[in-house]
Amino acid sequence: ARSKARKQTLDLLYESDIRGSSASDLMVLRDVPDDGPDARPIRDFTKALIGGITENRRKIDELISTYAQGWDMDRLPAVDRNIMRLALFEILWSPGLDDAIAIDEALSLAKELSTDESAGYIHGVLGRIASLKDGLAL
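Residues numbered from 1 in each chain as written. Predicted model: local features only at pLDDT ≥ 70, side-chain atom pairs only at ≥ 80, totals over all residues. Heavy atoms only, no water.

Visitor: Any details on the overall build of the chain? Residues and values, ideally.
Guide: Counting its regular elements, the chain contains six helices and zero strands. For the chain, the sequential pattern of α-helices and β-strands runs α-α-α-α-α-α. In terms of overall dimensions, the chain is globule-like: its C-alpha atoms have a radius of gyration of 15 Å, near the 14 Å expected for 138 residues. The dimensions of the chain, computed from C-alpha atoms along their principal axes, are 45 × 30 × 25 Å. Of all 138 residues assigned to the chain, the portion counted as buried reaches 44%. In the chain, the share of contacts with a sequence separation of at least 24, taken over all contacts with a separation of at least 6, comes to 65%. As presented, the chain carries roughly 7,700 Å² of accessible surface, and 49% of it is formed by carbon and sulfur atoms. The average position of the 18 basic charges and that of the 24 acidic charges among the side chains of the chain differ by 1 Å. (Helix = DSSP H or I, 4+ residues; strand = E, 2+ residues; numbered from the N terminus. Rg over C-alpha atoms; globule rule 2.2 N^0.38 Å. Buried < 20%, exposed > 50% of the residue type's maximum accessible area, 1.4 Å probe, protein only. Contact = heavy atoms within 4.5 Å. Areas by Shrake-Rupley, 256 points an atom, 1.4 Å probe, with all protein chains shown as cover. Lys, Arg positive; Asp, Glu negative; His and termini not counted. Charge placed at Lys NZ, Arg CZ, Asp CG, Glu CD.)

Visitor: Tell me what's going on with the pattern of salt bridges, and back it up with residues and numbers.
Guide: Applying the stated criterion across every chain, the model contains eleven salt bridges. Residue Arg85 pairs with Asp17 through a salt bridge whose shortest N-O separation is 3.6 Å. Taken together, the positions of Arg85 in helix H4 (residues 78-93) and Asp17 in helix H1 (residues 2-19) put the pair 68 residues apart, joining distant regions of the chain. In this structure, the salt-bridge partner of Glu62 is Lys59, at a minimum N-O distance of 3.1 Å. A residue pair is termed a helical-turn pair when its members lie 3 or 4 positions apart in one helix, as Glu62 and Lys59 do in helix H3 (residues 44-67) at three residues. Residue Lys59 is classed as partly exposed on the basis of its relative accessible area, which comes to 21%. The network of salt bridges with shared partners includes Asp17, Arg57, Asp61, Arg81 and Arg85. (Salt bridge = Lys/Arg side-chain N within 4 Å of Asp/Glu carboxyl O.)

Visitor: Give me the lowdown on helix H6 (residues 118-132), citing residues and values where you can.
Guide: Across its 15 residues, H6 extends 21 Å between first and last C-alpha, which sits within 8% of the 21 Å expected from 1.5 Å per residue. Within H6, the full set of buried residues consists of Ser118, Ala119, Ile122, Val125, Leu126, Ile129 and Ala130. Burial along H6 is one-sided: seen end-on, the buried residues are contained in an arc of 135°. For H6, exposure combined with an orientation more than 90 degrees from the buried face picks out Gly120 and Ser131. Looking at the buried residues of H6, the elements they touch are H3, H4 and helix H5 (99-113). (Expected span 1.5 Å × (residues − 1). Arc of directions from axis to C-beta.)

Visitor: Give me the lowdown on H1, citing residues and values where you can.
Guide: Between the first and last C-alpha of H1 there are 25 Å, a value that for 18 residues agrees with the 26 Å anticipated at 1.5 Å per step. Turning to H1, its buried residues are Ala5, Arg6, Gln8, Thr9, Leu10, Leu12, Leu13, Glu15 and Ser16. In this structure, the buried side of H1 is in contact with helix H2 (23-30), H3, H4 and H5. Two residues or fewer after H1 comes Gly20, characterised by a positive phi angle close to 70°.

Visitor: Give me the confidence of the model for the chain: which residues, what numbers.
Guide: Residues at a pLDDT of 70 or more form 95% of the chain, whose mean pLDDT is 91. The least confident element of the chain, judged by mean pLDDT, is H2 at 89; the most confident is H4 at 97. (pLDDT = per-residue confidence, 0-100.)

The following block contains the structure:
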């Protein structure tokens with residue numbers, strides 16, 4: 001269920017990035033209640049992830065810009081940028097979650113949705129930040 005919520009979160013983050021709108025606003029628009037054939041409720045875990053990413057996005061993007069060596073935020077593929085946003089929120093602000101799980105989930109999403117090279121690149125950036133997280137000012 002958490003993997004599906006992460007995918008749903010990534011979908012919302014990607015759409016908000018492409019449209020230049022708020023992921024929180026999109027989430028409200030996409031939340032179709034649990035009755036009828038068109039029901040597509042937003043999972044509680046997705047809501048928590050979107051809320052946390054939105055609240056900490058400035059710091060998350062700053063970290064990506066700093067550690068994604070050789071890449072500006074705008075030059076990163078949108079899907080890769082949002083996979084890293086999701087994973088970094090979980091690594092840095094989800095104390096009950098092991099970093100390796102957050103990284104593995106990010107790599108699974110990258111392998112499924114991005115280029116062949118993306119998973120290795122994302123792994124390098126996330127691994128570097130995870131190894132330094134205790135010394136980061138959040």
